[in-house]
Amino acid sequence: MENTNTAKELNHFKTTFGKYKNLMYELTRKNIKLKYRDSWLGIFWSFLQPLLNMIVLTVVFSGIFGAKREHIICYPVYLFTGRLMFEFFTSSSKKALVSFRTNAPIIKKVYVPKYMYPVSGILSNFVTFSISIACYIMVWIFFKLTGFQNGHDLTINWHVLLFFIPMALMLIFVTGVGLILSVLQVYFRDIEYIWEVFCTLMFYMVPIIYPLQQINTHWIQIVIKVNPLYSMLELFRQCVLYCIPMSWKLLAYASAWAFGTLFVAIFIFDKKSDDLIFHM
């Protein structure tokens, strides 16, 4: 009898997991469709938006301000790699942050695991981020072939195949951050505006538009290196831009932050998930 009950519980678990897996897929697909709804170019914006951002930033910080490039192989590609990772982090965390507010009518009527709403928003942005990698490849080929902005110094080898590791770490990290923010937003509505300002500050506190070597103040360098975004962004550049072995110290540091943040997020979410509906 006991074995029969155990088998029934396992079958029930498999059925429930399968149902929620399909729901996660549908929510992710819905978020992608809504993002490009009523847009003429549709998902093509996944290619065009990072490209336009790269052009604007290159003109501003390389053409107008004459950004120093002693420690950069190809400034536009350097910008592109940093902007891709940072944009994924900010857009995903903001999407997760407001997920309960935007889906409150459904959450109050239909029971599904509440983590699906912020996580599906993050996964939809991850799909867009993955598509943008194709745009990066085209940009890399353009500068390599033309030699513009020292593009002839760009190299490629087998280390580029490890690009998925920093991408995965960023996905894990932003999932943890997104879950925490989604809970905080239910109790503290102002967190949405605070996070917007914080993301703007972070853009200048991470080496996206400048190399770390350009910072002469030692304590500012330390503040930048402590930032987990720096380690993940630098690992990504080591793979796709410099094509060198990843730093084991950065990899260990980034992994600790990614999995540690996710663990804390799961703990907080488990404690507060049943109480969220009363504060929506």
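Since the structure is predicted, the reported quantities are computational estimates derived from the model, not experimental observations. (Residues numbered from 1 in each chain as written. Predicted model: local features only at pLDDT ≥ 70, side-chain atom pairs only at ≥ 80, totals over all residues. Heavy atoms only, no water.)

Asker: With reference to specific residues and values, describe the nonpolar core.
Answerer: Core analysis: the largest hydrophobic core is formed by 65 residues, its most contacted members being V77, F89, F129, M170, F173, I209 and L229. Of all the secondary structure elements, the ones that give two or more residues to this core are α2 (45-64), α3 (75-97), α6 (116-146), α7 (164-187), α8 (191-205), α10 (228-240) and α11 (248-272). (Core = buried A, V, L, I, M, F, W, Y, C linked by side-chain atoms within 4.5 Å. Buried < 20%, exposed > 50% of the residue type's maximum accessible area, 1.4 Å probe, protein only. Helix = DSSP H or I, 4+ residues; strand = E, 2+ residues; numbered from the N terminus.)

Asker: Outline the confidence of the model for the chain, supporting the account with residue identities and numerical values.
Answerer: Here the chain shows a mean pLDDT of 82. Residues at 70 or above account for 82%. Ranking the elements of the chain by mean pLDDT puts helix α1 (residues 2-35) last, at 60, and α10 first, at 95. (pLDDT = per-residue confidence, 0-100.)

Asker: Give me the pattern of salt bridges: which residues, what numbers.
Answerer: Enumeration according to the criterion identifies three salt bridges in this entry. The residue K94 makes a salt bridge to E196 at a minimum N-O spacing of 3.1 Å. Of this pair, K94 sits in helix α3 while E196 sits in helix α8; the two residues are 102 residues apart in sequence, bridging distant segments of the chain. The class for E196 is partly exposed, based on a relative accessible area of 40%. One salt bridge connects E192 with R101, and the closest N-O pair in it is separated by 3.3 Å. Of this pair, E192 sits in helix α8 while R101 sits in helix α4 (residues 99-102), and the two are 91 residues apart along the sequence. (Salt bridge = Lys/Arg side-chain N within 4 Å of Asp/Glu carboxyl O.)

Asker: Account for the state of the cysteines, naming residues and giving values.
Answerer: Taken as a whole and assessed by the stated rule, the structure comprises zero disulfides. Here C239 is not disulfide-linked; the sulfur of C243 is the nearest cysteine sulfur, at 8.3 Å. Here C239 falls in the buried class, since its relative accessible area comes to 0%. (Disulfide = S-S within 2.5 Å.)

Asker: An account of the packing of aromatic side chains is needed here, citing residue identities and associated values.
Answerer: Within the structure shown, the criterion is met by 14 aromatic pairs. Each ring, one from F89 and one from F173, has its centre 5.8 Å from the other, and the planes form 15 degrees; the classification is stacked. Placement of F89 in helix α3 and of F173 in helix α7 is noted, with a sequence separation of 84 residues between them. Between F203 and Y204 the ring centres are 5.1 Å apart and the planes differ by 90 degrees, which places this aromatic pair in the edge-to-face class. One aromatic cluster in this structure is built from F89, F173, W195, F198 and W257. (Phe/Tyr/Trp six-rings, centres within 6.5 Å; stacked < 30°, edge-to-face > 60°.)

Asker: I'd like a rundown of the packing of α7 against α11, residues and numbers included.
Answerer: Close contact between α7 and α11 brings their axes to 8 Å; oriented N to C, the two are set at 30 degrees. Our classification of the angle between α7 and α11 gives roughly parallel. The handedness of the crossing between α7 and α11 comes out as left-handed. Residues that form the contact of α7 with α11 fall into these classes: 19 nonpolar, five polar and one charged. (Axes fitted to C-alpha atoms, helices over the stretch in contact; angles between N-to-C directions. Parallel < 35°, antiparallel > 145°, perpendicular 65-115°, else oblique. Left-handed = near helix turned anticlockwise from the far one by under 90°. Nonpolar A, V, L, I, M, F, W, Y, C, P; charged D, E, K, R; others polar.)

Asker: Give me α6: which residues, what numbers.
Answerer: Look at α6: 45 Å from first C-alpha to last across 31 residues, which is about the 45 Å you get at 1.5 Å a residue. Note on α6: the residue one or two positions beyond its end, G147, has a positive phi of about 75 degrees. (Expected span 1.5 Å × (residues − 1).)

Asker: Give me α8: which residues, what numbers.
Answerer: Helix length check: α8 (15 residues) gives 20 Å between terminal C-alpha atoms against 21 Å at 1.5 Å per residue, within 8%. Those residues of α8 that sit buried are I191, W195, C199, M202 and F203. Summarising the axial view, the buried residues of α8 lie within an arc of 120 degrees, below the 170-degree limit, and thus occupy one face. Seen from the buried face of α8, the exposed residues on the opposite side, beyond 90 degrees, are Y193, I194 and V197. (Arc of directions from axis to C-beta.)

Asker: Outline the packing of α7 against α8, supporting the account with residue identities and numerical values.
Answerer: A packed helix pair is summarised by two numbers, namely the angle formed by the two axes and the spacing between the axes. Put simply, α7 and α8 touch, their axes get as near as 9 Å, and they point 140 degrees apart. Relative to α8, α7 is oriented oblique. Across the interface between the two elements, V177, L181, L184 and Q185 of α7 pack against I191, E192 and W195 of α8. Partitioned by chemical class, the residues of the contact of α7 with α8 number five nonpolar, one polar and one charged. (Contact = heavy atoms within 4.5 Å.)

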